[in-house]
Every structure is written in structure tokens, then in C-alpha cells.
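Residue-level listing of the chains:
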Amino acid sequence: MKKQTAMNRDWIATARTLSEALPYLQRYTGAIVVIKFGGHAMGDDAEMESFARDVVLMRQVGVNPVIVHGGGPMINEMLAKLGVESAFVNGKRVTDAATVEVVEMVLSGRVNKRIVQAINSQGGKAVGLSGKDAGMMVCNQTDPALGFVGTPAEMNPAVLHQLFEAGMIPVVAPLGSGRAGETFNVNGDTAAGAVAAALKADRLLLLTDVAGVKDASGEVVTELTPEHIAELTEAGVIAGGMIPKTETALAAIAGGVRAVVILDGRAPNACLLELFTDHGAGSLIRRK
Ligand SMILES: Nc1ncnc2c1ncn2[C@@H]1O[C@H](COP(=O)(O)OP(=O)(O)O)[C@@H](O)[C@H]1O
Ligand SMILES: CC(=O)N[C@@H](CCC(=O)OP(=O)(O)O)C(=O)O
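Given the structure is predicted, the values throughout are model-derived calculations rather than measurements.

Rules and cut-offs
Residues numbered from 1 in each chain as written. Chains lettered and ligands numbered in written order. Predicted model: local features only at pLDDT ≥ 70, side-chain atom pairs only at ≥ 80, totals over all residues. Near = placed C-beta within 6 Å. Nonpolar A, V, L, I, M, F, W, Y, C, P; charged D, E, K, R; others polar. Pairing = 2+ DSSP bridges. Helix = DSSP H or I, 4+ residues; strand = E, 2+ residues; numbered from the N terminus. Axes fitted to C-alpha atoms, helices over the stretch in contact; angles between N-to-C directions. Contact = placed C-beta atoms within 7 Å. UniProt positions renumbered as here; feature names shortened; annotations may be inferred. Buried ≥ 20, exposed ≤ 12 C-beta atoms within 10 Å, placed from the backbone. Core = buried A, V, L, I, M, F, W, Y, C linked by C-beta atoms within 7 Å. Parallel < 35°, antiparallel > 145°, perpendicular 65-115°, else oblique. Left-handed = near helix turned anticlockwise from the far one by under 90°.

## Examining the site of ligand 1
Near ligand 1 you find 17 residues, and of these Gly38, His40, Thr208, Gly241 and Met242 are the closest. Tallied by class, the residues present in the shell around ligand 1 amount to 7 nonpolar, 8 polar and 2 charged.

Right under this line is the structure:
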């Protein structure tokens, strides 16, 4: 028998990985997967390119991916440049009339178009829109003290179904419209959860900058129940930016999403590993 070289061992491993992916590819054909791409998960151009390739591959194998993005750090940067002060209350940005203009400019203009372009450069057909388009996300004011911060109240996801049918990949900025014509700033996790519930998505992937939800000893919990989330939150182990994520996960499950995964978006091929291999990444919260 011919001796295996290191190089052809690599090829054999690649072929095996593809072969092992078959049941997962079959399971996810036609599935709707909503991906929250947070500002901290975005990284540099190479990481953005890798994310975009994964999304295009998903679409290529018959998955319907929807990206709902954040961009908090990019909004902070622009507000600082403009000399506008900004504060957060319970993870939400206090948003006055001047701030919401900057938020919309950064999210819809900059961040959204960067993602759209990255996906299209990999051969996908991404379309950028915000929750204001086609009345997709109509909001109520969350709390008068927060100004133009919205809570999704009425979702109209028809435009997303039309984009799926046309083979397009929707990229959604977390902005909503008010009934009086206002523009509302919506937390990215909240927006992704509302979109996923409106679509009754098969998966909601919340990409962040940590490997998953960690317990008191710092270990990632691979599968979380609502009871365990309540316990960890009560004990202050789930804190800060992880609170809106676990809240979103529970609300999405209650709204009809099959499963939510909180995982590290900067890890190479995080979404592919999660969907198409045995090596699920991050913390899984699923419907009973
Ligand atoms: N139990 C926990 N497990 C993991 N991360 C946690 C936990 N509690 C708090 N965090 C923090 O939550 C952060 C993720 O939230 P955030 O920074 O808002 O993410 P993003 O910008 O990706 O939406 C982590 O970087 C971590 O510092
Ligand atoms: C109301 C509210 O806080 N909106 C967020 C929207 C962006 C966001 O959520 O970005 P990340 O996902 O990157 O954190 C904000 O203004 O920062």
C-alpha cells in the first residue's frame, strides 16, 4: 500500500469532515437560522471575511440565514468623535433625538453595509435593511427615561420570506419604527430574538466574544435550562452584557424558536461548527 503523506492525510480528513456533515446538511435544508452578529464579535477584516464565507456556505447548502447585527462599539466611537455623551441603563443606551440620528447613521450606513459587502464579496446575495423596512419591526417606547429606545411590539416578517425565496440573505440593522413615525434604537440581542420568534426560526445563534455562558468556576455550560439560567443570574454569575442574551434566549424559546446557542463569533468557522458537526460550540438552550 502507498505510504500516506501528511498532505494526503489532510485531504482524507477534509473528505471525512464533509461526509460526516451529511446528516446535518440534510437536517438544516430549508431551515431558518437567525444569527445575531454583535459589535464585539465582528473583529478585523479577515474575521469578517471568514464569517461571510460561513454565511454564504449556509445559503449554498439550502439554509435560510438572516443576520441581525449590533454595532455598539462603532456607535460609541462615532459619538465620541462628535463629542456627544452617551450613557447605558441596564444594558440599553439612553437615546435622545440627536443620538438616534447617529445610531441610525452608524448601524444602517456603516455596519450594515460592511456586512452586506463582505457577504457579497464571497459570492452571496446579501440585502441590507433595518427593522423599519416594510414595517418589519414596529416598536413601543421601552421607557420614557431611555428616550428613543424601542421594544418590538408588532413584527411583519413577510419581506424576509420573500428574500429567502429569491435566494437572498437579509442583513438587518436593529432599528424599529414607532406608530407616530419615530425611529427607535433597539438592543441588537432583543431585535434578533424578535426576528427569530417572528420567523419561528430553527436556530438563533447569538455570536459574542466569549465561548459561551460560564458558571461560577468559569466553565462554559454546554446545555442550559431556564432554571439554571435563573439560578446563575440570581447568584450574579450571569451579569452585564450576558443578561440581555439569556433573557433574549428565553423569550425566543417561549416565542417558538426551536433552540438558541450563545457562542464565540470570533472563533474560526463558529457557525459551521455549530450547525454541521458533532462539535456543537457554546451554550445551548432549547425548547422542552
Ligand atoms: N456568566 C457569564 N458567562 C459568560 N460571559 C459573561 C457572563 N456574565 C457576564 N458575561 C459578560 O458578557 C459579555 C458579553 O456581552 P456583550 O459584551 O454585551 O456582548 P456583545 O457585544 O457581543 O453583544 C462577555 O464578554 C462577558 O464579559
Ligand atoms: C438600545 C441599545 O442599547 N441599542 C444598541 C444597538 C446596538 C447594539 O445592540 O450593539 P451590540 O450588539 O454590538 O451591543 C446601542 O445603541 O448600542
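From this point, things continue past the structure.
## Here's the deal with the sheet that holds strand β12 (residues 259–264)
Reading across from one edge, β5-β8-β2-β1-β11-β12-β13 is the order of the 7 strands in this open sheet, with mixed pairing throughout. On the outer flanks of this sheet lie β5 (126–130) and β13 (283–286), each paired with one strand and no other. Between one strand axis and the next, the sheet turns by 20 degrees as a mean value, whatever way the strands run. For strand β2 (residues 64–69) and strand β8 (residues 169–173), the ladder comprises 2 bridges, and the chain directions are parallel. Bridge pairing links Val68 to Val172 in β8. This element, helix α3 (residues 45–60), spans β1 (32–37), β2 and β8 of the sheet and lies at about 150 degrees to β2.

## What about the site of ligand 2?
Around ligand 2, the structure places 15 residues, and the nearest of them are Gly39, Gly70, Gly72, Arg93 and Gly188. For the shell around ligand 2, the secondary-structure elements that each account for two or more residues are α4 (72–82) and β4 (92–93).

## Here's the deal with the UniProt feature "binding site: substrate" (unreviewed entry) in the protein
Here the UniProt-annotated "binding site: substrate" (unreviewed entry) positions come out as Gly71, Gly72, Arg93 and Asn185. These residues run over 115 residues, yet every pair of their C-alpha atoms falls within 12.0 Å of each other. For Gly71, the location among the structural elements is in the loop between β2 and α4. Judged by local crowding, Arg93 falls into the buried class, with 21 C-beta atoms found within 10 Å. Leaving out residues up to four positions away in the same chain, Arg93 has contacts with Ser86, Phe88, Val149 and Asn185.

## Quick notes on the nonpolar core
Counting residues in hydrophobic clusters, the biggest one holds 77 residues, and the most contacted among them are Val34, Val195, Ala196 and Leu204. Leaving out residues up to four positions away in the same chain, Val34 has contacts with Val66, Val68, Ala192, Val195, Ala196, Leu199, Ala201 and Leu204.

## With respect to the packing of α4 against helix α5 (residues 97–121)
Packing of α4 against α5 brings their axes to within 10 Å, and their N-to-C directions diverge by 130 degrees. Judged by the inter-axis angle, α4 sits oblique to α5. α4 and α5 meet at a crossing whose hand is right-handed. Here Met74, Ile75, Met78, Leu79 and Leu82 of α4 lie close against α5, whose contacting residues are Thr99, Val102, Val103, Val106, Arg110 and Val111.

## Some words on the UniProt feature "site: Transition state stabilizer" (unreviewed entry) in the protein
Mapped onto this numbering, the UniProt entry gives "site: Transition state stabilizer" (unreviewed entry) at Lys36 and Lys245. These annotated residues cover 210 residues of sequence, and their C-alpha atoms lie no more than 10.1 Å from one another, placing them together at a single site. On the secondary structure map, Lys36 appears in strand β1. The exposure class of Lys36 is buried, given the 30 C-beta atoms found within 10 Å. Setting aside chain neighbours within four positions, we find Lys36 in contact with Val68, Gly188, Asp189, Ala192, Leu205, Leu206 and Leu207. Residue position: Lys245 is located in helix α9 (residues 242–254). Residue contacts for Lys245: discarding those within four places in its chain leaves Asp189, Leu206, Thr208 and Ile262.

## Looking at the packing of helix α7 (residues 188–199) against α9
When two helices pack together, their arrangement is given by the angle between the helix axes and by the axis-to-axis distance. Where α7 contacts α9, the axes come no closer than 9 Å and their chain directions differ by 10 degrees. Overall, the two elements α7 and α9 adopt an arrangement that is roughly parallel. Here Asp189, Thr190, Ala192, Gly193, Ala196 and Ala197 of α7 lie close against α9, whose contacting residues are Pro244, Lys245, Thr248, Ala251 and Ala252. Within the contact of α7 with α9, the residues separate by chemical class into 6 nonpolar, 3 polar and 2 charged.

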